[in-house]
Amino acid sequence: MIQIILGVIIVSIGIFVFYKYPMKSDVRQMTLGALFVILAIILKRLALGFPSLKITLEVLPLIVAGLTLQPGYCFIVSIATDFLGLVLANAGGFPFLGFTLNAVLQTEIPCLLKIYLNEKNERLLERIVKIV
């Protein structure tokens, strides 16, 4: 049951992102997205610690991707990172979609925050210009 709920949440985030911020075809964004996926998978494999407690730096490329890419590309990067990580580290069984949701939120929250703050600054500048 939890898998269904998580799947619906991931799909609804994807629908929101692609509806609100349509993707523009950009070679630079695609190339950076592919590099962030590769870097995140490599850093996921370079884990420190014990089998019960692993410390990975996989989060860093996902956050940087969220700060540099458009929201649609961020969503694709997070999904690709999670599923390619599952393919490379096949443990058998059905994948848990909670980790996929975690990857999606790690990229989308910084991206949407950056967009919100840019729009807020633009509105502030417009008000200042109108007052002057």
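For the structure, check the block above.
Our subject in this report is the structure included herewith. (Residues numbered from 1 in each chain as written. Predicted model: local features only at pLDDT ≥ 70, side-chain atom pairs only at ≥ 80, totals over all residues. Heavy atoms only, no water.)

### Some details on the nonpolar core
If you look at soluble globular proteins, the nonpolar side chains tend to sit buried side by side. Within the largest apolar cluster, 14 residues are counted, with the highest numbers of intra-cluster contacts made by Phe36, Leu62, Ala65, Leu69 and Val77. Listed by contribution, the elements that provide at least two residues to this core are helix 2 (27–45), helix 3 (59–68), helix 4 (71–88) and helix 5 (97–131). The element contributing the most residues to this core is helix 2, with 4 residues. The contacts of Phe36, once residues within four sequence positions are left out, are Pro61, Val64, Ala65, Thr68, Leu69 and Val77. (Core = buried A, V, L, I, M, F, W, Y, C linked by side-chain atoms within 4.5 Å. Buried < 20%, exposed > 50% of the residue type's maximum accessible area, 1.4 Å probe, protein only. Helix = DSSP H or I, 4+ residues; strand = E, 2+ residues; numbered from the N terminus. Contact = heavy atoms within 4.5 Å.)

### Points about the layout of surface pockets
The method is simple in principle: a probe with the dimensions of a water molecule rolls over the atoms, and the space it marks as empty is what remains. Estimates place the volume of the largest pocket at around 500 Å³. Forming the walls of the largest pocket are 16 residues, and the residues nearest its centre are Lys44, Thr56, Glu58, Asp82 and Phe99. Going through the elements one at a time, helix 2, helix 3, helix 4 and helix 5 are the ones with two or more residues in the lining of the largest pocket. Per-element tally for the lining of the largest pocket: the top contributor is helix 5, with 4 residues. Classifying every residue of the lining of the largest pocket gives 7 nonpolar, 4 polar and 5 charged. Roughly 170 Å³ of internal volume is contained in the second largest pocket. Taken together, Tyr21, Pro22, Met23, Lys24, Gln29, Thr68, Leu69, Gln70, Pro71, Gly72, Lys114 and Ile115 make up the full set of residues lining the second largest pocket. (1 Å grid on protein atoms, 1.4 Å probe; cavity = no way out; pocket = protein on both sides within 12 Å on 5 of 7 lines; lining within 4 Å. Points joined across faces, edges and corners; volume = space filled by probe spheres on them. Nonpolar A, V, L, I, M, F, W, Y, C, P; charged D, E, K, R; others polar.)

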